[in-house]
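# Remarks on the overall topology
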Protein chains: 2
Amino acid sequence: MVRIGIVGYGNLAKGAECAIRQNEDMCLVAVFTRRDPNSVKILTPDVPVLPLEEAEQFVGKIDVMLLCGGSATDLPVLTPKMAKYFHVVDSFDTHAKIPQHFASVDERAKEGGKIAVISAGWDPGLFSLNRLYGTAVLPQGKDYTFWGKGVSQGHSDAVRRIHGVKDCRQYTIPVADAMDRVRAGENPTLTTREKHTRLCYVVAEEGADKDKIEEEIKTMPNYFADYDTTVVFISAEEMARDHAGLPHGGSVIRSGVTGWNGECRETIEYKLTLDSNPQFTSSVLVACARAVMKMANRGETGCKTLFDIPPADLSAMSQQELLATML
Amino acid sequence: MVRIGIVGYGNLAKGAECAIRQNEDMCLVAVFTRRDPNSVKILTPDVPVLPLEEAEQFVGKIDVMLLCGGSATDLPVLTPKMAKYFHVVDSFDTHAKIPQHFASVDERAKEGGKIAVISAGWDPGLFSLNRLYGTAVLPQGKDYTFWGKGVSQGHSDAVRRIHGVKDCRQYTIPVADAMDRVRAGENPTLTTREKHTRLCYVVAEEGADKDKIEEEIKTMPNYFADYDTTVVFISAEEMARDHAGLPHGGSVIRSGVTGWNGECRETIEYKLTLDSNPQFTSSVLVACARAVMKMANRGETGCKTLFDIPPADLSAMSQQELLATML
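These numbers were taken from a predicted model, which means no experiment stands behind them. (Residues numbered from 1 in each chain as written. Chains lettered and ligands numbered in written order. Predicted model: local features only at pLDDT ≥ 70, side-chain atom pairs only at ≥ 80, totals over all residues. Heavy atoms only, no water.)

Here we come to the relation of the copies chain A and chain B. For the match of chain A to chain B, the screw axis carries a shift of 0.0 Å, the RMSD comes to 0.0 Å, and the turn is 180°. Given the turn and translation reported, the copies of this chain are related as if by a two-fold rotation axis. Of all interface residues in chain A, 100% are interface residues in chain B too; the two copies therefore contact each other through one and the same surface. (Least-squares fit on C-alpha atoms with pLDDT ≥ 70 in both. Contact = heavy atoms within 4.5 Å.)

Following this line, the structure appears as structure tokens:
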């Protein structure tokens, strides 16, 4: 049994709790939180919720800590700190800062003789794997990543900070025509605007200036200015009824050529359609926890990503089963 | 530079030759054949074509041998034999006999201190990887593999053996409705007939009994009896004009659930659309040759499959590049 601890209890942590339950070789030992532990009710019976400071007392009782915090401020501190005491898995997703995060986690994990898997999930994660496999197999080609249709929490939060906005759910939507051109092997050069559109469902405060809110959203730099954005005002009831979930997904497409003169076109598409982004992301984290134990048992230490993990390490099956049923 | 030898010079070997040319860190040293070497003209200038018996003289001059023979009789003998002298990669694709092939290759590779990668390609190969990753991430689910639309060489050959048949090209076609049901998360139980249909283009000999040929095809056990098969008679000119290529492809779909009570549906689809089955398959073999060298440089030996290869080993990029651009 892989003995797992979870740090945090937001959507991702709840997903991890559910995913652990689906895997017979895993058990949840404890959840650690910065909140008042008495205020946190978890789903698994008889598992304690404890203050984060008590985590280190679980050395020897927990094999792998799943770090379910945010990439902006939590994980850059938490992952290296914990990696000295436990094997850890995180979902650090600030793409530009991954090399820096890797280096700091690697140092501490090696000090502690532990394995740390960072940036697990689907992007970074399974999507990254497909960019790598696609590029390795079709070196003469181009890859495209499309996201959605799905809820972007970062964009939803950005809109919520606008004066007069009570709530927002922002959907990222891939442009169907652009995807069709990529699938057809055209290898187009696509601008940001040509790849995705953005759709915001907004609950405005009573008496708020809706025209002004719409204008502020559509011109917001980085988040919306480079996209065609649609703003739809709805009631709080509609928001609760129609937009409670966190669906997401997308496609990684590698379009390349083979043949002596590049005369054959080959297309690889990896597509996710997810009812729940956090549930799925945490399912990847939990599979990585299994891989961590196998790598540790071979005497490996330091920071890893899905790029470094032999796929068989993620599986609950033995090598014989894999050869006989999966290959 | 990875110094590569190719054994055989059929469609797969030609594909490997083209793929080596696309990779700057690879070079082709020699092609070995059982035919008269003077009768074999290859595409790469200044590379010798030699009798297979001379292969062993290239120990120390060739790092990795790509074994481009058939799974029925060639590879079960050739792969273990060569694995004692060279690192090897093959595309052994008789799924039921993979465990046995693995064991015999593993023994000889370890004797020689070499690495052997077997069953590389797309099925077995990239499709297998996606079955493994999908099952590891979504343990509560079901996976489906659909093949086509594409040419099955085995089925084409089977029809060619029928009396009165001059030529045949057999297309395997997935049933669109079945794929739609799987993509929608219905997790249906599908019979062989419900998953694929078969379409045969046949050139009959002059005066042949076409009704009899059609009947023989449609009732052929294993190959056609369990499928809805369509037979279309065409001229030799039409065959040459419209069916010269070897396109193929297909989808691996993992449909699973997450959430405490399985309330969220998550779908992963990996889809290949290939102008040329052998060109694409051999591109996977060539990427594996790179991985072989990295594994060998770490001191590993024995038989491996794509399940055992850390994805980064397949890539020409450094770890820093991968972290910065692919993750």
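What follows concerns the confidence of the model for chain A. On average, chain A scores 97 in pLDDT, and the residues at 70 or more come to 100%. Prediction confidence for the complex, expressed as pTM and ipTM, is 0.96 and 0.96 respectively. (pLDDT = per-residue confidence, 0-100.)

Right, let's get into the interface of chain A and chain B. Facing 71 residues of chain A, the contacting portion of chain B comprises 71 residues. Between chain A and chain B, roughly 6100 Å² of surface is buried when both sides are summed, and carbon and sulfur atoms account for 64% of that area. Among the residues chain A hides against chain B, the three largest losses belong to Q22, W260 and L327 of chain A. Together they make up 16% of the total. Linking chain A with chain B are zero salt bridges. (Buried area = accessible area lost by both parts, 1.4 Å probe. Salt bridge = Lys/Arg side-chain N within 4 Å of Asp/Glu carboxyl O.)

Moving on: the environment of N38 of chain A. All names here are of chain A. Inspection of the secondary structure assignment puts N38 in the loop between β2 (26–33) and β3 (49–51). Overall, the relative accessible area of 64% leaves N38 in the exposed class. Placed 12 residues apart in sequence, N38 and L50 show a C-alpha to C-alpha distance of 8.6 Å. (Helix = DSSP H or I, 4+ residues; strand = E, 2+ residues; numbered from the N terminus. Buried < 20%, exposed > 50% of the residue type's maximum accessible area, 1.4 Å probe, protein only.)

Residue and element names in this part refer to chain A. Remark: helix α1 (residues 11–22) packs on helix α10 (residues 277–297), axes separated minimally by 7 Å, with the N-to-C direction vectors making an angle of 60°. By the angle between their directions, the pair α1 and α10 is classed as oblique. In this structure, α1 meets α10 at a crossing whose hand is right-handed. Between α1 and α10, the contacting residues are N11, L12, K14, G15, A16, C18, A19 and I20 on the first element and P278, Q279, T281, S282, S283, L285 and V286 on the second. Of the residues belonging to the contact of α1 with α10, the class tally is eight nonpolar, six polar and one charged. (Axes fitted to C-alpha atoms, helices over the stretch in contact; angles between N-to-C directions. Parallel < 35°, antiparallel > 145°, perpendicular 65-115°, else oblique. Left-handed = near helix turned anticlockwise from the far one by under 90°. Nonpolar A, V, L, I, M, F, W, Y, C, P; charged D, E, K, R; others polar.)

In this section: the pairing of strand β1 (residues 2–7) of chain A. Residues and elements named next belong to chain A. Counting buried residues in β1 gives five out of six residues, a clear majority hidden from the surface. As judged from the four bridges shared by β1 and strand β4 (residues 64–67), these two strands associate in the parallel manner. Pairing of V7 across the sheet is with L67, part of β4. (Pairing = 2+ DSSP bridges.)

This brings us to the packing of aromatic side chains. Each aromatic ring pair is specified by the distance between its two centres and by the angle formed by the two planes. Residue and element names in this part refer to chain B. Counted by the stated rule, this structure contains nine aromatic pairs over all chains. Both rings, one in F32 and one in F58, keep their centres 5.4 Å apart while their planes meet at 75°; by these two values the pair is edge-to-face. Placement of the pair is F32 in strand β2 (residues 26–33) and F58 in the loop between β3 (49–51) and β4 (64–67), with a sequence separation of 26 residues. Each member of the pair, F32 as well as F58, carries the same accessibility label: buried. On the numbers, 5.1 Å between centres and 80° between planes, the contact of W122 with F127 is edge-to-face. (Phe/Tyr/Trp six-rings, centres within 6.5 Å; stacked < 30°, edge-to-face > 60°.)

Looking now at helix α3 (residues 98–112) of chain B. All names here are of chain B. With 15 residues, α3 ought to run about 21 Å at 1.5 Å a step, and its terminal C-alpha atoms sit 21 Å apart, in line with that. Residues of α3 that are buried: I98, H101, F102, V105, D106 and A109. Around the axis of α3, the buried residues are gathered within 130° of arc, so they sit on the same side. Facing away from the buried side of α3 by over 90 degrees, the exposed positions are Q100 and E107. Positive phi shows up at G113, right after α3, with a value of about 70°. (Expected span 1.5 Å × (residues − 1). Arc of directions from axis to C-beta.)

Looking now at helix α6 (residues 176–183) of chain B. Residues and elements named next belong to chain B. Along α6, the positions that sit buried rather than exposed are A178, M179 and V182. Projected down its long axis, α6 carries its buried residues within an arc of 100°, all on one side. Facing away from the buried side of α6 by over 90 degrees, the exposed positions are A176 and D177. On its buried side, α6 packs onto β7 (141–147), β9 (165–174), α7 (192–195), β12 (248–258) and β13 (264–274). G185, located one to two residues past α6, shows a positive phi value of around 85°.

A separate point is the packing of helix α2 (residues 74–83) of chain B against α3 of chain B. What describes two packed helices is the angle between their axes and the distance between those same axes. Residues and elements named next belong to chain B. Interaxial distance between α2 and α3 falls to 7 Å at its minimum, and their mutual angle equals 20°. Judged by the inter-axis angle, α2 sits roughly parallel to α3. In this structure, α2 crosses over α3, and the sense of that crossing is right-handed. Residues L75, P76, T79, P80 and A83 of α2 touch α3, and the partners they reach there are H101, S104, V105, R108 and A109. Taken together, the residues of the contact of α2 with α3 sort by class into six nonpolar, three polar and one charged.

It is worth spelling out unusual backbone geometry at this point. Look at the link from D123 of chain B to P124 of chain B: it is a cis peptide, with omega at 5°. You can see P124 of chain B is positioned in the loop between β6 (115–117) and α4 (126–137). With phi around 50°, N187 of chain A is a residue other than glycine that occupies positive phi space. Structurally, N187 of chain A is set in the loop between α6 (176–183) and α7 (192–195). The backbone phi angle of N222 of chain A is positive, close to 65°, even though this residue is not glycine.

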